[in-house]
Amino acid sequence: MIKVKIIGATGYGGIGLIELLTQHPEAEISALVAREDVGKRISEIYPHLEGFCDLPILDAEDPRAQEAPADVVVFSTPDRVGMYQAGDVLAKGAKVLDFSGDFRFTTQEAYADYATRHGKDPVHAAPELLGKNAYGLAELHREAIKAAPVVGNPGCFACSCILGLAPAAHARLFDPLSVICDCKTGVSGAGKKLAATFHYPARYENMNAYKLAGHQHVCEVERELSLQYGQDVRLTFTAHVLPLCRGIMSTLYAQMDKALSEEDAVALYREFYKDSPFVRVYGSKAPIGTNCVQRTNFCDLVVSVDARVNRLRIVSYIDNLMKGQAGSALQNINLMTGLPETLGLMRSGMYP
């Protein structure tokens, strides 16, 4: 049995991972740590967990939290928390999985670019760990994740866009300066913290674009696509929030250099993801929507070609709290601990 300690256990990312781990046949939660609701059982805060997980919320300084055994410590925390504590975790023999942007980048320069866009301090507090970490998108970095002591879980928009465009980038199908990512997310993507813009009267029957000056996930998308392409890929990214609870739909466009049929594009994508059990590829007539991936770890890709203008169009669907967060986290935990990648995750959605 592997043991997992979750720091920041009461947010959406933490609770999502708890839900998955309670159903995992080879893992157990050793401790739940958070700043709020200390002393309460997690099932008091989230009653649907009654009888499945009734562990108490511990303060970070509580000896029970400090001494809890762990094979993996998960930081479901904001930026600049995990980077200060990762070294101590590694010294105790555990691995680190971080949900924030702290370890999504392998150089100080790349981290500084991300942090500056995100309005954070550009100086990383644990630069000695950069280069030893892995980017936690299993479909592209499976072997690195298995070996790395520290893994940075990908951003939700980044996961959707990278999976949607990686096969085309790898095949160099498009002009690397032509990519457009038009992305829409449910309200849960903003996290649990209250904000006036997510108050029900402000959100109901309302949708809007945001962060037009630059979204922090762009750094991840451009870096990963550039690695696949073999030269710099630059893109225009627009994020929208819709009055939905969960789900991301990313419509991705790229101008192709040569004519390609939709049939060949679908075949190319299926070949690229033939060993990736959580990516499903469809042609343009498939009736796919956010409901198909809701509460699952799947990424559904609808591949189409607009032959009239020779443009590739990919529609990428994920659940932002699953494949975009807790699902990818468990997929990474499985890889980090030598367990089958799909363990505890291979389940369909529920209809309707």
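See the structure above.
Throughout this document, residue positions are counted from 1 along each chain, in the order its sequence is written. Under the rules for a predicted model, residues below a pLDDT of 70 receive no local features and side-chain atom pairs below 80 are neither given nor counted, while totals for whole chains, interfaces and linings still include all residues. The side-chain figures draw on all heavy atoms in the structure; neither hydrogens nor water molecules are used.

Peer 1: Tell me about the packing of aromatic side chains, residues and numbers included.
Peer 2: Aromatic contacts are taken between Phe, Tyr and Trp rings whose centres are within 6.5 Å, Trp giving its six-membered ring; a plane angle under 30 degrees counts as stacked, one over 60 as edge-to-face, and the others as tilted. Going through the model one piece at a time under the given rule, you end up with seven aromatic pairs. Where Phe174 meets Tyr229, the ring centres are 5.5 Å apart and the plane angle is 45°; that geometry is what we call tilted. Placement of the pair is Phe174 in the loop between helix H7 (156-170) and strand E8 (179-185) and Tyr229 in helix H9 (residues 218-229), with a sequence separation of 55 residues. In terms of burial, Phe174 and Tyr229 fall into one category: buried. Between Phe272 and Tyr273, the aromatic rings sit 4.9 Å apart at their centres with planes inclined by 85°, giving edge-to-face as the arrangement. Phe272 sits in the partly exposed class, given a relative accessible area of 26%. When accessible area is computed with a 1.4 Å probe and restricted to protein chains, residues below 20% of their type maximum are described as buried, those above 50% as exposed, and intermediate ones as partly exposed. Judged by relative accessible area, which is 3%, Tyr273 ranks as buried. Here the aromatic cluster, defined as three or more aromatic residues joined through ring pairs, consists of Phe105, Tyr111 and Tyr114. Sitting above the plane of the Tyr135 ring, Arg223 keeps its charged end 4.4 Å from the centroid. Between Arg280 and the ring centre of Phe298, over which it is positioned, the NZ or CZ distance is 3.9 Å. Each helix is a run of DSSP H or I of at least 4 residues and each strand a run of E of at least 2, with the numbering of both proceeding from the N terminus. Any Lys NZ or Arg CZ that is within 6 Å of a ring centre and within 35 degrees of that ring's normal is treated as a charge sitting over the ring.

Peer 1: Pulling in residues and values, what's your account of the side chain of Glu222?
Peer 2: With respect to the secondary-structure elements, Glu222 resides in helix H9. Its relative accessible area of 9% is what places Glu222 among the buried residues. Contact between two residues is taken to exist if any of their heavy atoms lie within 4.5 Å; hydrogens are not considered. Not counting chain neighbours up to four residues away, the residues in contact with Glu222 comprise Arg117, Val233, Arg234 and Leu235.

Peer 1: Give me the packing of helix H6 (residues 138-147) against helix H11 (residues 322-336): which residues, what numbers.
Peer 2: With their axes 9 Å apart at the nearest point, H6 and H11 run at an angle of 35° to one another. Relative to H11, H6 is oriented so that their crossing is right-handed. Contact residues: Ala138, Glu139, Arg142, Ile145 and Lys146 in H6; Lys323, Gln331, Asn332, Leu335 and Met336 in H11. Axis angles are defined between N-to-C directions and span 0 to 180 degrees, where every axis is a line fitted to C-alpha atoms and, for a helix, only to the segment in contact. Crossing handedness is read from the near helix: turned anticlockwise from the far helix by less than a right angle, it gives a left-handed crossing, and turned clockwise, a right-handed one.

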